[in-house]
Amino acid sequence: GPARERVQSALASLETDQLMNVARRRFDQPWHFSLPVPDAEQWVSAQFLHLPTADRDAQPGDRADESASASHRLMIGIDFSRLGPIRADLLLRESDLIVRLTVERPETADALRALVESWSADFAVGGRAVHVGVTESANVDVGLRAVAADVRFLAENHLMDVSG
């Protein structure tokens, strides 16, 4: 029935994400996946994009450069029916966590700003400094299409050759 078709569609989408991530890994590109999330009476897709980054504080030639602690950047995008589009950009380093929330609706921004202080305290684990900011933007890219769409491996290694 319809429930079975939705499950099959969700599994096919996850499988596609996994295949794309295999191609991305080949060229050290960020991995991307989406998950269904309940939203009122419907389901919406939450998009996740992980970008490993080098420690920007390390200087070339430093001993720390050889074993530099990696930082991780995670972007999450979702469009809730009642809150509107929300994008979270997180940067996790050994010493701190930086969170930037970008929203489209002013009322959503105000509601999130009211939570910033408590979130900062909740996320401060092990002495890590936490910085949370909320900004408004007219065009929030919740699909993370600009970063996730380019898969260099697939652009350079076509699955089918129709030129010859």
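Up top is the structure.
Summary of the structure given here. (Residues numbered from 1 in each chain as written. Predicted model: local features only at pLDDT ≥ 70, side-chain atom pairs only at ≥ 80, totals over all residues. Heavy atoms only, no water.)

### Concerning the overall build of the chain
1) Next: Across its full length, the chain holds 6 helices and 6 strands.
2) Next: Helices (α) and strands (β) of the chain occur, in sequence order from the N terminus, as α-β-β-α-β-β-β-α-α-β-α-α.
3) Next: Counting only residues that meet the buried cut, the chain has 29% of its 164 residues in that class.
4) Next: Considering only contacts in the chain between residues 6 or more positions apart, those separated by 24 or more positions represent 48%.
5) Next: If you sum the accessible surface of the chain, you get close to 11,200 Å²; carbon and sulfur atoms cover 54% of it. (Helix = DSSP H or I, 4+ residues; strand = E, 2+ residues; numbered from the N terminus. Buried < 20%, exposed > 50% of the residue type's maximum accessible area, 1.4 Å probe, protein only. Contact = heavy atoms within 4.5 Å. Areas by Shrake-Rupley, 256 points an atom, 1.4 Å probe, with all protein chains shown as cover.)

### Concerning the sheet that holds strand β6 (residues 129-136)
Pairing between the strands of a sheet is mediated by backbone hydrogen bonds and can be parallel or antiparallel.
1) Next: Taken in spatial order, the 6 strands line up as β1-β2-β3-β4-β5-β6 in an open sheet, and their pairing is mixed. Both outer strands of the open sheet, β1 (31-39) and β6, are each paired with one neighbouring strand and no more. Strand after strand, the sheet turns through a mean of 15 degrees between neighbouring axes, direction not considered.
2) Next: Sheet analysis places strand β2 (residues 42-53) next to strand β3 (residues 71-80), joined by 7 bridges and oriented antiparallel. Each bridged residue has a counterpart across the sheet, and for Thr53 the counterpart in β3 is Ser71.
3) Next: Sheet strands touched by helix α3 (residues 106-113): β4 (84-92), β5 (96-103) and β6. Its angle to β6, the strand with the most contacts, is close to 165 degrees.
4) Next: In the packing of helix α4 (residues 116-123) onto the sheet, contacts are made with β5 and β6, and the angle to β6 comes to roughly 150 degrees. (Pairing = 2+ DSSP bridges. Axes fitted to C-alpha atoms, helices over the stretch in contact; angles between N-to-C directions.)

### Regarding the nonpolar core
1) Next: Core analysis: the biggest nonpolar cluster contains 16 residues, and Ile78, Val99, Leu101, Val103, Leu112, Val132 and Val134 have the highest contact counts within it.
2) Next: Mapped by element, the contributors of at least two residues to this core are β2, β4, β5, α3 and β6.
3) Next: With 4 residues, β5 is the largest single contributor of residues to this core. (Core = buried A, V, L, I, M, F, W, Y, C linked by side-chain atoms within 4.5 Å.)

### Quick word on the pattern of salt bridges
1) Next: Counted under the stated rule, the structure contains 6 salt bridges.
2) Next: The shortest N-O distance in the salt bridge between Arg73 and Asp89 comes to 3.5 Å. A residue pair is termed long-range when its members are at least 10 positions apart, and Arg73 in strand β3 and Asp89 in strand β4 qualify at 16 residues.
3) Next: Via salt bridges that share partners, Arg73, Arg87, Asp89 and Arg100 belong to a single interconnected network. (Salt bridge = Lys/Arg side-chain N within 4 Å of Asp/Glu carboxyl O.)

### Looking at unusual backbone geometry
1) Next: Phi is positive for Ala40, which is not a glycine, with a value near 55 degrees.
2) Next: In this structure, Ala40 sits in the loop between β1 and β2.

### Digging into the side chain of Asp39
1) Next: Relative to the helices and strands, Asp39 is located in strand β1.
2) Next: No salt bridge forms around the buried Asp39; measuring N to O, its nearest opposite-charge neighbour Arg82 is 6.1 Å away.
3) Next: Aside from chain neighbours lying at most four places away, what touches Asp39 is Val44, Asp79, Phe80 and Ser81. (Lys, Arg positive; Asp, Glu negative; His and termini not counted.)

### Considerations on the environment of Leu83
1) Next: Relative to the elements of secondary structure, Leu83 occurs in the loop between β3 and β4.
2) Next: Relative accessible area serves as the criterion here: at 37%, Leu83 is assigned to the partly exposed category.
3) Next: Sequence separation of Leu83 and Arg105 is 22 residues, and the distance between their C-alpha atoms is 7.3 Å.
4) Next: Those residues in contact with Leu83 that sit more than four places away from it in its chain are Arg105 and Thr108.

Shape descriptors only; they carry no functional weight alone.
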